[in-house]
Amino acid sequence: MTPRHKAAWLLLAVTSGTLLSLSGCSNLGYYWQSASGHLNLMRAARPVPQLLADPATPAALRDKLALTQRMRRFAVTELGLPDNASYTEYADLHRPTAVWNVVAAPPYSLKLKTWCFPVAGCVGYRGYYSDADAIAEAEAQRAEGFETGVYPVPAYSTLGWLNWAGGDPLLSTFIGYPEGELARLIFHELAHQVLYVPGDTAFNESYATAVERIGGALWLATQASEAARLEYAQFDQRRRQFRQLTLDTRRQLEELYDSSEAEAHDWQAVGAEKKVVMDNFRAQYAALRAGWSGPQQGAYDRWVARANNAIFGAQAVYDDLVPAFEALYEREGRDWRRFHAAAAKLAALPKVQREAALKNMTHENGKPGV
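- The protein chain carries the name Aminopeptidase in an unreviewed UniProt entry, which gives Variovorax humicola as its organism.

1. Some remarks on the confidence of the model for the protein chain
Reasoning step 1: Overall, the prediction assigns the protein chain a mean pLDDT of 90, with 91% of residues at 70 or greater.
Reasoning step 2: In this model, residues 6–24 is a region of pLDDT below 50 whose contacts with residues beyond four sequence positions or in other chains number 24 contacts.

2. Quick look at a negative patch on the surface
Reasoning step 1: Together, E254, E255, D258 and E263 make up a negatively charged patch on the protein surface.
Reasoning step 2: Tracing the chain through its elements places D258 in the loop between α8 (226–257) and α9 (260–263).
Reasoning step 3: Since its relative accessible area comes to 57%, D258 is described here as exposed.

3. Quick look at the state of the cysteines
Reasoning step 1: Here the structure, examined in full by the defined rule, presents one disulfide.
Reasoning step 2: In this model C116 forms its disulfide with C122; the gap between the sulfur atoms is 1.9 Å. In this structure the cystine formed by C116 and C122 twists about its S-S bond by roughly 95°; its chirality is therefore right-handed.
Reasoning step 3: Take C122: its relative accessible area is 30%, and that puts it in the partly exposed class.

4. Looking at the sheet that holds strand β1 (residues 45–47)
The strands making up a sheet are joined through hydrogen bonds of the backbone, oriented either antiparallel or parallel.
Reasoning step 1: Reading across the sheet, the three strands line up as β1-β2-β8 and stay open at both edges, with mixed pairing between neighbours. Both edges of this open sheet fall to β1 and β8 (170–171), since each of them pairs with a single strand only.
Reasoning step 2: Of the strand pairs in this sheet, strand β2 (residues 89–91) and β8 are connected by two bridges, and their pairing is parallel. Bridge assignment links Y90 to a residue of β8, and that residue is L170.

5. Quick word on the pattern of salt bridges
Reasoning step 1: Enumeration over the complete set of coordinates arrives at 18 salt bridges.
Reasoning step 2: The partner of E137 in a salt bridge is R126, with the nearest N and O atoms 4.0 Å apart. In this pair, E137 sits in helix α5 (residues 131–143) while R126 sits in strand β6 (residues 126–128), placing the two residues eleven residues apart along the sequence.
Reasoning step 3: For the salt bridge of R240 with D236, the shortest nitrogen-to-oxygen distance reads 2.8 Å. Of the two residues, R240 and D236 are both situated in helix α8; the distance of four residues between them amounts to about one turn of the helix.
Reasoning step 4: One salt-bridge network, in which partners are shared between bridges, spans E181, R184, E212, D236, R239 and R240.

6. So, the packing of aromatic side chains
Reasoning step 1: A complete count under the given rule lists 23 aromatic pairs for this structure.
Reasoning step 2: For the pair W336 and F339, a centre-to-centre distance of 5.7 Å together with 90° between the ring planes defines the contact as edge-to-face. With W336 and F339 both in helix α14 (residues 336–347) and three residues apart, the pair spans about one turn of that helix. Here W336 matches F339 in class, with each residue buried.
Reasoning step 3: Among the aromatic residues, ring-to-ring pairing joins F242, F281, Y285, W292, Y300, W303 and F312 into one connected group.

7. Focus: unusual backbone geometry
Phi is mostly negative for residues that are not glycine, and the peptide bonds are mostly trans.
Reasoning step 1: For L159, which is not glycine, the phi dihedral falls at a positive 65°.
Reasoning step 2: Along the chain, L159 turns up in the loop between β7 (147–153) and β8.

8. Remarks on the nonpolar core
Reasoning step 1: Ranked by size, the top nonpolar core spans 57 residues in total, and within it F187, W219 and F325 carry the most contacts.
Reasoning step 2: Tallying contributions element by element places helix α7 (residues 201–222) first for this core, with eight residues.
Reasoning step 3: Each residue touching F187, except ones within four places of it in the same chain, is listed here: M71, F74, A75, L79, L81, V211, E212, G215, G216 and W219.
Reasoning step 4: Within the second largest apolar cluster, 29 residues are counted, among which are A105, Y151, Y257 and W292.

9. Brief notes about the sheet that holds β6
Reasoning step 1: Read across the open sheet, the three strands follow the order β6-β3-β7; overall the sheet is antiparallel. In the strand order of this sheet, the two ends are held by β6 and β7, each with one partner. This sheet shows a mean twist of 25° between the axes of neighbouring strands, independent of strand direction.
Reasoning step 2: Both strand β3 (residues 99–105) and β7 contribute to a ladder of seven bridges, which runs antiparallel.

Criteria and thresholds
Residues numbered from 1 in each chain as written. Predicted model: local features only at pLDDT ≥ 70, side-chain atom pairs only at ≥ 80, totals over all residues. Heavy atoms only, no water. pLDDT = per-residue confidence, 0-100. Contact = heavy atoms within 4.5 Å. Patch = residues over 30% accessible without salt bridge, like charges linked within 9 Å, V, L, I, M, F, W, Y side chains within 5 Å. Areas by Shrake-Rupley, 256 points an atom, 1.4 Å probe, with all protein chains shown as cover. Salt bridge = Lys/Arg side-chain N within 4 Å of Asp/Glu carboxyl O. Lys, Arg positive; Asp, Glu negative; His and termini not counted. Charge placed at Lys NZ, Arg CZ, Asp CG, Glu CD. Helix = DSSP H or I, 4+ residues; strand = E, 2+ residues; numbered from the N terminus. Buried < 20%, exposed > 50% of the residue type's maximum accessible area, 1.4 Å probe, protein only. Disulfide = S-S within 2.5 Å. Pairing = 2+ DSSP bridges. Phe/Tyr/Trp six-rings, centres within 6.5 Å; stacked < 30°, edge-to-face > 60°. Core = buried A, V, L, I, M, F, W, Y, C linked by side-chain atoms within 4.5 Å. Axes fitted to C-alpha atoms, helices over the stretch in contact; angles between N-to-C directions.

As structure tokens, this is what we get:
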């Protein structure tokens, strides 16, 4: 048994003991699937140097693995991200995604329902290693009156807690990404190991998203080939157009849910206007899509088809505070260590003060707070 496998079994033993102390059968079943799911992921991992030296490793995979190690070094030396065991091993999961997240929101609000966990605190999603389990959870939430969404997650962070056991491995679910997207994902997940505030998903994800966007741009500008930059530019232009469309739609929905009709509980009027907003969103997406071409033309089709309050609410978690962190990076002279330290100071504030400071930062930088 390899050291990683021994560590994995130790992890499962420790987790099992913890589970026995938790009350409620539903909690026990959920945490067991989480522990055993991550155990299986860890057991599948092999060291990258071993795979690079193995003549049976496909050439395309070998090239991508070598590229990730250069990205890993760049993250440490240029972005101030941690130098540890994460992303030095690779696991083929033989499935399309690492986990499936379930999100839920009320019919007239973008505020996500939260679930609370021992380490992560209260977060606006619930993850499953089985799509069938995720779908069942979504159906249970719908039965309680929520709008729900299930979406695939190609990678997740263990927040540095398992670096003693080998850290977070590279996964087959994202290793095939284009260079720019691969860099962004690795930088995002490593950022979670620098800073994580239990119970504040918007802060955590927006901070990591800012790191991935700024760091990804630096990687492309200084390390990538011209072909990789062109490939990324085309994809990113579409993503920016789509992000702006969804941001505009979120703002319309938020204004509607805060309107006088909602205050008067005139839900029939709110529902009718909500349908207009959603119909316009899909019509505008269709117009955008018609101007795109190539294999990625329909990249957002599935997202748009299932868009609802829960899906929009989940997106807001990743996007809404990013301009504030980008402003913080500029304020700190584009110095990564100063930026991470300043973000940590914000994280130490009470949540209300933290949110106020971030909103003020976007206004001071000439960007609208969202």
